[in-house]
Amino acid sequence: MASTSSLGFSSKTTYDVFLSFSGIDTRSNFTDHLHVALRRRSLTTFIDDVLERGEGISPALMKAIEESMISVVILFENYASSRWCLDELVKIIDCKKGMGRKVLPIFYHVDPSDVRKQTGKFGEAFGKVKEKFKQRLDIVEKWSTALMEAANLSGWDSKNYRLESKLIDKVVNQIMKKLYPISFSACHGLVGIDAHVNKILPLLCIETADVRFIGIWGMGGIGKTTTTDVLFSQISDEFDVCYFLSNVGENAEKNELLHLRQKLFSELVGDKLLSIQMLHVLPTIVLDILRRKKVFIVLDDVNDSEQLEALAGYHGWYGSGSRVIVTSRDKEVLVGGVDQIYKVEGLNYCDALQLLSVKAFKQEHPPEEFMKFAERVVNYAKGVPLALKVLGSHLCKRSPKEWEIVLKELKKIPISKIHKILKISFDSLEQTEKAVFLDIACFFKGQDKDCVEDILDGCDLTPSLGIIRLVEKCLVIVVNNKLEMHDLIQEMVQHIARHEHSRLWEFTKICDILATEKVNKAVEGICLDTSKMGMTCLNSATFSQMPNLRLLKFFRHSNKKDSTPETFILESLSLLHWEEYPYSSLPLCFSMENLVLLNLEDSDVKRLWHGDQCPQKLKYLYLSGSKKLATLPNLSSATNLERIDLKACESLLEIPSSIQFLHKLNYLNLDDCINLRNLPSLLHLKNLKELSLSFCINLKKMSEIPSGIKQLDLICCGAEEWSASVQSFDTLKYMHISMCKNLRGLPSSLHLTSVETLKLFRCSNLNKFPNVTGYLKRILLEEVAIEELPSTIGCLFSLVELKLEKCNKLESLPGSICELKCLEGLFLRGCSKLGRLPSLCGLCSLTHLYLDDTAVSEIPSDIFSLSSLRLLSLNNCKRLQHLPELPERTTVLQAFNCTSLETVKSPLPFALVPKCNGCRRQKGIFNYCNCFNLEHNTLGNILTNARLRIEEKFGFSEFIDSFLVGLPGTEIPEWFSYENLGSSIAFVFPPKCINAKYLYLAFCVVLEFKVPLAMEKYNNFVLACELHLKNADGNEVPLIMVAPKIYHDNVHFGAAIESDHVFLWHNRYCIKRWLKHNCSDVNKLSIESEFKVDNLHKGNARHIDLVESKVKRCGIHLLYAFKDEEYQCSPSTIQTKLSLQYSSAVSNFMQQVRGNTGFLNGFCFILSCSFWLLSFWVLKSFGSASLF
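Residues numbered from 1 in each chain as written. Predicted model: local features only at pLDDT ≥ 70, side-chain atom pairs only at ≥ 80, totals over all residues. Heavy atoms only, no water.

## A closer look at the overall build of the chain
Helices and strands together make up the secondary structure of the chain, namely 31 helices and 49 strands. A total of 1188 residues make up the chain; the buried ones form 53% of that total. Counting only contacts in the chain whose residues sit at least 6 apart along the sequence, the fraction spanning at least 24 positions is 60%. (Helix = DSSP H or I, 4+ residues; strand = E, 2+ residues; numbered from the N terminus. Buried < 20%, exposed > 50% of the residue type's maximum accessible area, 1.4 Å probe, protein only. Contact = heavy atoms within 4.5 Å.)

## Quick word on the pairing of strand β15 (residues 551-555)
Most of β15 is tucked away: 5 of the 5 residues are buried. What you see with β15 is no split at all: Leu551, Lys553 and Phe555 on one side and Leu552 and Phe554 on the other are buried throughout. One ladder, built from 5 bridges, connects strand β14 (residues 525-529) with β15; its direction is parallel. When the bridges of β15 are listed, isoleucine 526 appears paired with leucine 552. (Pairing = 2+ DSSP bridges.)

## Digging into the sheet that holds strand β10 (residues 340-343)
Ordered by their spatial adjacency, 5 strands build an open sheet running β7-β8-β9-β6-β10, and the pairing between neighbours is parallel. Strand pairing shows two members of the sheet lacking a second neighbour, β7 (241-245) and β10, which therefore form its edges. In this sheet, adjacent strand axes meet at a mean angle of 15 degrees when their direction is disregarded. One ladder, built from 6 bridges, connects strand β6 (residues 212-217) with strand β9 (residues 323-328); its direction is parallel. Opposite arginine 212, over in β9, you have arginine 323 as the bridge partner. Contacting β6, β9 and β10, helix α9 (residues 193-204) crosses the sheet at an angle of about 155 degrees to β6. Relative to the sheet, helix α12 (residues 257-269) contacts β7 and β8 (295-299), its axis offset from that of β7 by approximately 155 degrees. (Axes fitted to C-alpha atoms, helices over the stretch in contact; angles between N-to-C directions.)

## Focus on the packing of helix α21 (residues 431-444) against helix α22 (residues 449-457)
Here α21 crosses α22 at 125 degrees, and the two axes come no closer than 12 Å. Relative to α22, α21 is oriented oblique. Seen along the crossing, α21 lies across α22 with a hand that is right-handed. On α22, the residues touching Val436, Asp439 and Phe444 of α21 are Val452, Ile455 and Leu456. Among the residues making up the contact of α21 with α22, the classes are represented as 5 nonpolar, no polar and 1 charged. (Parallel < 35°, antiparallel > 145°, perpendicular 65-115°, else oblique. Left-handed = near helix turned anticlockwise from the far one by under 90°. Nonpolar A, V, L, I, M, F, W, Y, C, P; charged D, E, K, R; others polar.)

## A short note on the side chain of glutamine 118
Among the structural elements, glutamine 118 can be located in the loop between α5 (112-117) and α6 (120-132). With relative accessibility at 17%, the residue glutamine 118 sits in the buried group. Engagement of the side chain of glutamine 118 in a polar contact is seen with the backbone oxygen of valine 115, the distance being 3.1 Å. The residues contacting glutamine 118, other than those within four sequence positions of it, are Ser113, Gly123, Phe126, Ser144, Leu147 and Met148. (Polar contact = N/O pair within 3.5 Å; in protein donor to acceptor, adjacent residues only side chain to side chain.)

## Considerations on the packing of helix α3 (residues 59-66) against helix α4 (residues 83-99)
Axis separation between α3 and α4 bottoms out at 9 Å; the angle between their running directions is 35 degrees. The element α3 and its partner α4 pack so that their crossing is right-handed. Residues Leu61, Met62, Ile65 and Glu66 of α3 lie in contact with α4, whose contacting residues are Trp84, Glu88, Lys91, Ile92, Cys95 and Met99.

## Some words on the packing of aromatic side chains
In the structure shown here, the tally under the stated rule is 25 aromatic pairs. Among the aromatic side chains, those forming a connected cluster through ring pairs are Phe213, Phe265, Tyr314, Trp317 and Tyr318. Its end group placed over the ring of tyrosine 667, arginine 643 keeps NZ or CZ at 4.0 Å from the ring centre. Across the ring face of phenylalanine 827, the terminal group of lysine 803 is positioned such that the distance to the ring centre comes to 4.9 Å. (Phe/Tyr/Trp six-rings, centres within 6.5 Å; stacked < 30°, edge-to-face > 60°. Lys NZ or Arg CZ within 6 Å of the ring centre and 35° of its normal.)

## With respect to the pattern of salt bridges
Applying the stated criterion to the full structure yields 28 salt bridges. Where aspartate 210 meets arginine 212, a salt bridge forms, and the shortest distance between an N and an O atom there is 2.9 Å. For arginine 212, a relative accessible area of 19% gives the class buried. One salt bridge connects lysine 343 with glutamate 345, and the closest N-O pair in it is separated by 3.9 Å. A relative accessible area of 39% places lysine 343 in the partly exposed class. Taking the relative accessible area as the measure of exposure, glutamate 345 reaches 43% and is therefore partly exposed. Put simply, Asp439, Arg503, Glu524 and Arg550 are held in one network by salt bridges that share partners. (Salt bridge = Lys/Arg side-chain N within 4 Å of Asp/Glu carboxyl O.)

## A closer look at the environment of lysine 372
Topologically, lysine 372 is positioned in helix α17 (residues 371-381). Using a relative accessible area of 55% as the deciding quantity, one classes lysine 372 as exposed. Along the primary structure lysine 372 and proline 400 are separated by 28 residues, whereas in three dimensions their C-alpha atoms are 10.0 Å apart.

## Some points on the nonpolar core
With 142 residues, the main nonpolar core has Leu804 and Tyr928 as its most contacted residues. With 5 residues, helix α28 (residues 936-953) is the largest single contributor of residues to this core. Of all hydrophobic cores here, the second largest spans 83 residues; its members include Phe232, Leu429, Phe437 and Leu597. (Core = buried A, V, L, I, M, F, W, Y, C linked by side-chain atoms within 4.5 Å.)

## A closer look at a positive patch on the surface
Where like charges cluster on the molecular surface, the positive patch consists of Arg162, Lys166, Lys170 and Lys177. Along the chain, lysine 166 turns up in helix α8 (residues 164-179). (Patch = residues over 30% accessible without salt bridge, like charges linked within 9 Å, V, L, I, M, F, W, Y side chains within 5 Å. Areas by Shrake-Rupley, 256 points an atom, 1.4 Å probe, with all protein chains shown as cover. Lys, Arg positive; Asp, Glu negative; His and termini not counted. Charge placed at Lys NZ, Arg CZ, Asp CG, Glu CD.)

## As for the environment of valine 333
Among the secondary structure elements, valine 333 is positioned in helix α15 (residues 331-334). It is 8.6 Å that separates the C-alpha atoms of valine 333 and glutamate 306, two residues lying 27 residues apart in sequence.

## Overview of the sheet that holds strand β27 (residues 771-774)
The strand order across the open sheet formed by 3 strands is β23-β25-β27, and the pairing between neighbours is parallel. Two strands lie at the open edges of the sheet, namely β23 (728-729) and β27, each paired on one side alone. Alignment of strand β25 (residues 749-752) against β27, held across 4 bridges, turns out to be parallel. Each bridged residue has a counterpart across the sheet, and for histidine 751 the counterpart in β27 is threonine 773.

## Observations concerning unusual backbone geometry
Unlike most non-glycine residues, serine 42 shows phi in positive territory, near 65 degrees. With respect to the helices and strands, the residue serine 42 is situated in the loop between α2 (30-40) and β2 (45-46). Unusually for a residue other than glycine, asparagine 876 sits at a positive phi of about 65 degrees.

## Concerning a negative patch on the surface
A cluster of acidic side chains, namely Asp304, Glu306, Glu309, Asp330 and Glu332, defines a negative patch on the protein surface. With respect to the helices and strands, aspartate 304 occurs in the loop between β8 and α14 (305-311). Judged by its relative accessible area of 32%, aspartate 304 falls in the partly exposed class.

## Quick notes on α6
Structurally, the α-helix is built with 3.6 residues per turn, so residues lying three or four positions apart point the same way. Between its first and last C-alpha, α6 extends 19 Å over 13 residues, near the 18 Å set by a 1.5 Å rise per residue. Of the residues making up α6, those classed as buried are Phe122, Gly123, Ala125, Phe126 and Val129. Projected down its long axis, α6 carries its buried residues within an arc of 160 degrees, all on one side. Facing away from the buried surface of α6 by more than 90 degrees, the exposed residues are Lys121, Glu124 and Lys128. (Expected span 1.5 Å × (residues − 1). Arc of directions from axis to C-beta.)

## Describing α12
End to end, α12 covers 18 Å across 13 residues, agreeing with the expected 18 Å (1.5 Å per residue, within 8%). Residues of α12 that are buried: Leu257, Leu260, Arg261, Leu264, Phe265, Ser266, Leu268 and Val269. Remark: glycine 270 follows α12 within two positions and exhibits a positive phi of approximately 75 degrees.

## With respect to the confidence of the model for the chain
Of all residues in the chain, 77% attain a pLDDT of 70 or more, and the chain-wide mean is 79. Low confidence marks residues 557-566, where pLDDT is under 50. Its contacts with residues over four positions away, or in another chain, come to 27 contacts. Considering only residues more than four positions removed or in separate chains, one finds that residues 1123-1188, a stretch of pLDDT under 50, has 136 contacts. (pLDDT = per-residue confidence, 0-100.)

## Details of the environment of threonine 792
For threonine 792, the location among the structural elements is in the loop between β28 (778-782) and β29 (801-805). Since its relative accessible area comes to 25%, threonine 792 is described here as partly exposed. The residues contacting threonine 792, other than those within four sequence positions of it, are Asn771 and Val772.

## Things to note about the side chain of serine 977
As for its placement among the helices and strands, serine 977 is situated in the loop between β37 (960-968) and β38 (978-981). In this structure the side chain of serine 977 is engaged in a polar contact, spanning 2.8 Å, whose partner is the side chain of histidine 1117.

Structural data, given as structure tokens:
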């Protein structure tokens, strides 16, 4: 054996983690679970698979320790009894000292002080080894020292964790952090952030169960958002749900606070359709969901206390352990709204110098010749990270002489005005770059980059190059094609614009500014919420004094006027955005020469202009909500138009034929144009990508559509027929046609090259489905009047899902359907006239087949060939009489209310499935409820099959997790070990079973429904059995055995369970392991159960009243892995009580069970012993033969 203290270490790292453990104690439980968890996180882990270890540690094992980044030592009571483990530990400690390897101890059911002092049971085990090696005191001393050093290391004590899974999660997360620490180097520009994070983490104290609101306060550009970004990335995995809501103050002004509130809570509860209509209260369902979750919310840049109250709310809204972080520049906003406030101070001198150096020199420290200049810049910036970044970028690649010049300019600027420092970068821009910068800061922050470039290009500013320069100088960033900039920079630029009077956006000052004629000539842009100020100062004379006005944006004007405004000429105007425009048309002499974007949303305009205008630069025309607009002008000269939005123009009757000349048009929205009757051919619009005609209820004829379209929406459209001229859509990716009640037909053929999903919902007059070719993956039809599918459906080789629900005229399917080799789901629910199925042979990928509420009378016998079929649903198939042999992988069979069903050839086929490596465990559900015509032999076969499965293979199958069988009946199967009338049972645990390798339980009840159980109200009920095991000391530990839900899908069946039914279920759970772990020396087992009905369709639990149903009989069956008689065990008593309850506490059950003492218990004890002996004799005599 190589010396454990050798210093000949290998520097190579092959493994992330080395696991040191006592194989006989933890290999098959805790160590194995930890090993699996590490592998799941893709951590390369060394685990010694040698079961019988020798006297010395092997060289290979020593090498593995050396080449592991972290060693995890699992210290158990018997760990020190193994010389192998002790040698491992010495080597691990040596590698820690000599190589800097990390060591993490886990004290598994052992006190750390016992390991440190070698006392207690741990010390006794170590004492035996010391006695054996008493002649080798040097080795014993090394072992003792290694144990003491390991015990002194920071690790985990298992007694502090109620669940082992929680302990394993903590260990794995800590290993991940040590291997891949979340730290940020200077090259990422995140200098000094770790210091803030380390100070905020103790305030958050995420280990505690209370709810905390933490405020982060500081000036703009100081690093609040960056700090919360890093915090969010570090701790978000500790919570159930997380959400980072950025730019709250700005977005609240643009989109209204209620919109932000709905966005936030929709994400938190996971409901995109959530509707929130009030600012200060939440729906009860939202609060119920939030209180069950540990949430983490970041509200960034809150500038008003109302925003904080509406979005963060109160501590009682959230589950225990939740955390809310709020950042703001205004301390007053945070005071009273959060528990603690952390102020983000500027960077210290060293961090500031490093950040400047990274930006200016691309290294962590300035060159020697620049040091004195760099120090002066740091002194001017006063630790503001943004100022350092911008100045560093501005000075990058400049000579020392240029630095000197820049520093002289800095001396002229007051230190207290940080934005004036940033003006240095602004002054270095070219004139057109400055104009672009000013326009973005004042009007276009957060808007689409391409649209802004088009508008500013109409002003002859070459914006593309200008934006590139702004990005290079860290003045503007592009995120998801949106133009963004830091608030500090925006404030600086807006400060410049205020002094120039070139761009106006503050309504409180605008009237005074416009009063000066000289100032009016300097105005280039106006952006105002006119509902706050009226139009008294903006008359025609005002506009005539603005010859350089390029950008005009008015929002939410409420002062309506009926007359046409006086003439004003704005020759330079590139953008006209005037919401709720109050006039019936644009001015007579309105110049459109440079106009790029015209937005008159929700206006009173009846027609845009009189005569023929020539808007050659116009690219965007937005008139949505202009309900009085009756006609559009001739647009033939607007050849650059790319987007037209006419949504909800309710008076619009037709689209002019001149639209056919708009060859650059890529977007046309005509939704809710309810009076639109005519749409010219769009066939020549080769660039049209998106067309929406939803709710055009009077549009009777569908226009010709170009083949290059990508998205087509036709919801509740009045079109009766589709133009047959275009049948090929090579680029179409999305097509949604629904509620088009007048639509009688589609083109006879459709070639859809790029569409993955074709939706046709509630087109009640569409009686023919076209021949479709292409690469469709899903065809979804619902409430469509088609009578048949074309045979060409078999050519859709990539089809994965075919849904034809509630197609009441569909009578058959084409035989070619068997050619769909990739089809996984076939949904035919509600096709009430579908009476026959074609051959199913060939559907090799089909996993789900739904035939509910159809007229099918026979299932093709070749269904057995569907090797992938997992689920067959036949609910309410009232004509079905016989079920053929099903595929052996079918684990769910729903045959509820198949009132004519008589015979079933393979009632539980899944048991034939062998163990499957990599297969996810399934639940077996076989629902024959309300199948009252099942033959006696068939009923017997169902229960006999259930017995064979659970006794022979099923209990130990890796493929099936649990199963439930429901069928009409009044008796517990005779082969059950124990049964009794009513809801309680008591018996002695048989000898030998406790020492068996495996022990499983199966349960059975007969339920009597006094009142028919209407499944449209209770479409899913759950049977559960709560076991209480008592050991020799009288201690009691509960274990819940839950049956699978009888109904696999949450659907309404419109029928009721009317008579007695038998429900038999079994969980793949070895109770023997549980007994060993929780109840040593078990001598008494008490089982209680509560049966309930869950209304899962409405998302909450409801229960059947006691008067509606009760347990008439109950039974328990014991299952063993082996029947060898060599096992020795003392008999234990089992008491069982099964009851059907309505909102009753479990404690009431316990009191009832404890009250059943005296003579009744003694009598049940004797009776159950006799019953067990009789059952044992029968099983020995007949083997596994059916007794039913």
